[in-house]
Amino acid sequence: MVEIRIHGRGGQGNVLAAYLLATAAFLEGQFSQAFPSFGAERRGAPITAFVRIDGSPILRRSQITSPRYLVLADDGILRIPETLAGLSPEGAILVNSPRSPEELRKRLEVEGMTVGPAVRIETIPATRLAMEVLGRPIPNAPLLSAFLSLTGTLSTESLGRAFAGRFSGDLLQKNMSLVASGASLVAQNLWKEPIHA
Amino acid sequence: MREALEGSQAIARAVALCRPQVVAAYPITPQTHIVEGLARLIADGLLAAELVSVESEFSAASVVLGAAAAGSRSYTASASQGILLMSEVLYNISGLRIPVVLTCANRAVSSPVSIWNDHQDSMAVRDSGWIQLHCADNQEAVDTTIQAFRISERTELPVMVCVDGFTLTHTLEPIDLPDAAQVDAFLPPFRFSRTLSSSAPLSQGTLVSPEFFTEMRFLQHEAFARAEKEILSADRDWAGFVGRDCGGLLRVEGDREASVAILAMGSVYGTLKDAHRSGLLGRPVRLLSLRAFRPFPAGAIREATQGLSDLIVLDRSLSPGSGGIVAHEIRSALYGMAKGPRVVNFAVGLGGRNVPGEIFREMLESLEKDPPSFSIFDLDPRKLPDPGLDAATEMPSSGPVLSPR
């Protein structure tokens with residue numbers, strides 16, 4: 001089972017991101033589950049969403065406390081200690097940030113937070129891409145496609161199909177182009193692992 | 001057809017398949033997405049129903065009462081304070097023996113304010129005369145919603161379908177939505193035996209003197225005994241269409257020969273079942289998922305607990321000054337049973353606290369340490385106030401008259 005935790009802020013579409021990822025998994029014939037954990041809904045407040053993907057029906061409904069992967073829709077979220085809580089020592093973090101992974105590691109050290117030496121970090125400037133194409137700071141499409149490209153968990157085609165189930169017309173086309181550009185910004189299969197480990 | 005759906009959207013689609021003629025609701029988290037989904041289906045012309053936007057839950061319940069009394073299949077949904085604001089009308093609906101289906105997106109009750117999941121809201125109206133069926137997952141929520149209309153219309157008792165807020169309502173997962181033809185074959189059009197009509201006038205809800213009140217209450221109580229059969233037959237008949245059931249009154253799984261069992265109601269059962277399957281429990285355990293809370297299936301519970309030495313009952317609500325509510329009813333059902341199990345009651349996951357799979361093993365291990373008959377298992381004593389602080393702080397007094405100094 002792959003367990004992914006998404007951290008971001010209300011208004012960025014993080015719950016939708018979790019739903020899209022689980023839908024893409026479903027469309028690829030996997031079993032999946034996505035659910036949010038938020039406070040009273042408001043823009044800007046930290047929110048967490050959870051995604052599980054497996055080859056057999058998923059029964060557990062507890063929050064994901066030891067994820068393999070973190071997807072962060074905002075690098076400011078890294079400063080909140082709960083963000084990194086329980087991350088697998090061999091886990092990986094994809095951050096929406098204009099900064100380099102090295103810069104983020106240094107910032108974490110300054111804040112007195114530690115990331116294990118084996119934890120991998122990648123960044124992509126998803127907000128900038130979204131502003132260029134959508135004109136709105138919604139980082140989902142490039143962030144999710146970069147994540148799938150890095151992990152090889154699912155194909156970006158399935159992600160495109162998940163987007164097509166929710167959007168149409170111009171908005172869908174723009175998201176599809178963001179899916180393509182997000183995936184091209186990272187090394188394919190750099191974090192690849194089997195789903196059914 | 002199987003689709004990846006948010007629980008609320010799946011429930012809205014299941015309701016629509018039952019062809020309700022009137023839907024009335026007032027938005028409240030975590031129920032809102034259900035009625036939003038129905039409003040969209042109506043606006044898109046996919047459901048021919050009257051959507052009544054009301055100014056409160058009291059009115060939502062009143063609208064479905066009147067609509068069903070006038071012969072329309074009627075549906076509403078609410079949660080938490082919304083259920084409490086409805087409570088007077090909930091009694092009226094059941095006392096008038098009017099068939100209505102309500103989804104309760106189970107949520108804690110204020111104060112303190114919590115939007116998150118526990119079972120306090122439906123427990124607060126457990127004596128209102130509604131059938132209460134709890135759902136362990138979103139597939140059961142869909143199937144139970146469809147069954148609920150048939151159960152309600154055959155028994156003339158209203159049905160509350162209890163679905164854990166957020167944990168189910170906001171979870172997207174693969175869900176099989178049946179075909180309209182299957183639902184139509186299972187659920188005939190609504191015909192109410194006492195439909196209000198100007199051509200054949202009758203009165204409902206009149207004053208009942210002590211001469212007849214007792215008999216009215218007897219009939220209401222007796223209807224619940226018959227409801228057990230309707231719940232079982234609806235589940236069995238629906239399984240004939242879709243090839244899966246919801247466990248009838250009570251689902252029994254896990255290690256049938258085990259001497260210890262854990263009973264859960266609602267979505268925690270999935271996490272419990274996963275812990276069992278993953279070997280996290282550390283010993284053989286019988287698993288019980290209680291679906292029917294009203295009628296309370298005492299007979300089925302006595303049968304399912306045969307041969308047990310210990311029964312752990314999980315409660316997601318609390319009767320302060322008394323303990324867990326489900327466990328009280330379980331103890332009452334087992335009273336006088338020869339070689340009945342010891343019942344150990346743990347409240348857990350109040351106000352949305354995460355219930356991890358590891359917690360069940362800790363519960364099982366605590367059985368060796370002679371636990372109290374009731375405790376809040378996931379209490380964190382570090383978060384309790386320091387009694388010394390209160391004593392040291394002088395609080396200002398307030399009131400209409402300041403005491404002279």
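Structure: above.
Residues numbered from 1 in each chain as written. Chains lettered and ligands numbered in written order. Predicted model: local features only at pLDDT ≥ 70, side-chain atom pairs only at ≥ 80, totals over all residues.

1. With respect to the interface of chain B and chain A
Each side of the interface is counted separately: chain B has 20 residues, and chain A has 17 residues. Secondary structure elements with two or more residues in the side of chain B that touches chain A: strand E1 (2-6), strand E8 (172-176) and helix H9 (268-277) of chain B. By residue number, the principal contributor to the side of chain B that touches chain A is H9 of chain B, which donates five residues. Tallied by class, the residues present in the side of chain B that touches chain A amount to seven nonpolar, eight polar and five charged. (Contact = placed C-beta atoms within 7 Å. Helix = DSSP H or I, 4+ residues; strand = E, 2+ residues; numbered from the N terminus. Nonpolar A, V, L, I, M, F, W, Y, C, P; charged D, E, K, R; others polar.)

2. Let's talk about the sheet that holds strand E6 (residues 131-134) of chain B
Residues and elements named next belong to chain B. In space, the seven strands of this open sheet follow the order E3-E2-E4-E5-E7-E6-E12, with mixed pairing throughout. With partners counted over all chains shown, the strands left at the sheet margins are strand E3 (50-53) and strand E12 (292-294), one partner each. Sheet twist, expressed as the mean angle between neighbouring strand axes with direction ignored, is 20°. Where strand E2 (residues 22-25) lies against E3, four bridges are found, and the strand directions are parallel. Paired with Ala25 across the bridge in E3 is Ser53. (Pairing = 2+ DSSP bridges. Axes fitted to C-alpha atoms, helices over the stretch in contact; angles between N-to-C directions.)

3. Some details on the nonpolar core
Grouped together as the largest cluster of nonpolar side chains are 179 residues, with contacts concentrated most on Ala18 and Leu21 of chain A together with Val64 and Leu263 of chain B. Per element, the largest residue contribution to this core is eleven residues, and it comes from helix H1 (residues 14-27) of chain A. Formed jointly, this core draws a minimum of three residues from each of two domains, domain 1 (2-193 + 209-242) and domain 2 (251-383) of chain B. For Ala18 of chain A, the residues in contact, after removing those within four places along its chain, are Ile6, Ala34, Pro36, Ala49, Phe50 and Val51 of chain A. (Core = buried A, V, L, I, M, F, W, Y, C linked by C-beta atoms within 7 Å. Buried ≥ 20, exposed ≤ 12 C-beta atoms within 10 Å, placed from the backbone. Domains from an automatic or database assignment.)

4. Focus on the packing of helix H6 (residues 156-164) of chain A against helix H7 (residues 169-184) of chain A
Residues and elements named next belong to chain A. The geometry of H6 relative to H7 is characterised by a closest axis approach of 10 Å and an angle of 160° between their N-to-C directions. On the basis of their axis angle, the class for H6 and H7 is roughly antiparallel. Judged by the sense of rotation from one axis to the other, the crossing of H6 with H7 is right-handed. Residue-level inspection shows Thr156, Leu159, Gly160, Phe163 and Ala164 of H6 in contact with H7, the latter providing Leu172, Asn175, Met176, Val179 and Ala183. When grouped by side-chain class, the residues that make up the contact of H6 with H7 number seven nonpolar, three polar and no charged. (Parallel < 35°, antiparallel > 145°, perpendicular 65-115°, else oblique. Left-handed = near helix turned anticlockwise from the far one by under 90°.)

5. Here's the deal with the packing of H1 of chain A against H6 of chain A
Residues and elements named next belong to chain A. Their axes nearest at 8 Å, the elements H1 and H6 cross at an angle of 115°. In this view, H1 runs roughly perpendicular relative to H6, as classed from their interaxial angle. Crossing angle aside, the handedness with which H1 passes H6 is right-handed. Residues Leu20, Thr23, Ala24 and Leu27 of H1 form the contact with H6, whose participating residues are Ser158, Leu159, Arg161, Ala162 and Phe163. Looking at side-chain class alone, the contact of H1 with H6 contains six nonpolar, two polar and one charged residues.

6. Some details on the sheet that holds strand E15 (residues 374-376) of chain B
All names here are of chain B. Pairing in this open sheet of six strands is mixed, and the strands run E9-E11-E10-E13-E14-E15 from one edge to the other. Edge positions in the sheet fall to strand E9 (250-254) and E15, since each of these pairs with one other strand and no more. For this sheet, the mean angle separating the axes of adjacent strands, direction not counted, is 20°. Across the sheet, helix H11 (residues 325-334) lies against strand E10 (260-264), strand E11 (286-290), strand E13 (310-315), strand E14 (342-347) and E15, angled at about 145° from E13, the strand it touches most.

7. Let's talk about the pairing of strand E2 (residues 31-37) of chain A
All names here are of chain A. In terms of burial, E2 is a largely internal element, six of the seven residues being buried. Sheet topology places E2 next to strand E3 (residues 46-54); seven bridges connect them, and they run antiparallel. Opposite Ala34, over in E3, you have Val51 as the bridge partner.

8. A few points about the environment of Pro385 of chain B
With respect to the secondary-structure elements, Pro385 of chain B resides in the loop between E15 and helix H13 (387-392). In this structure the C-alpha to C-alpha distance between Pro385 of chain B and Asp274 of chain B, which are 111 residues apart in sequence, comes to 35 Å.

9. Overview of the pairing of strand E1 (residues 2-9) of chain A
All names here are of chain A. In terms of burial, E1 is a largely internal element, seven of the eight residues being buried. Taken together, the eight bridges between E1 and E3 define a ladder with antiparallel strand orientation. Looking at E3, one finds that Val2 is bridged to Ile53. Sheet analysis places E1 next to strand E4 (residues 69-72), joined by four bridges and oriented parallel.

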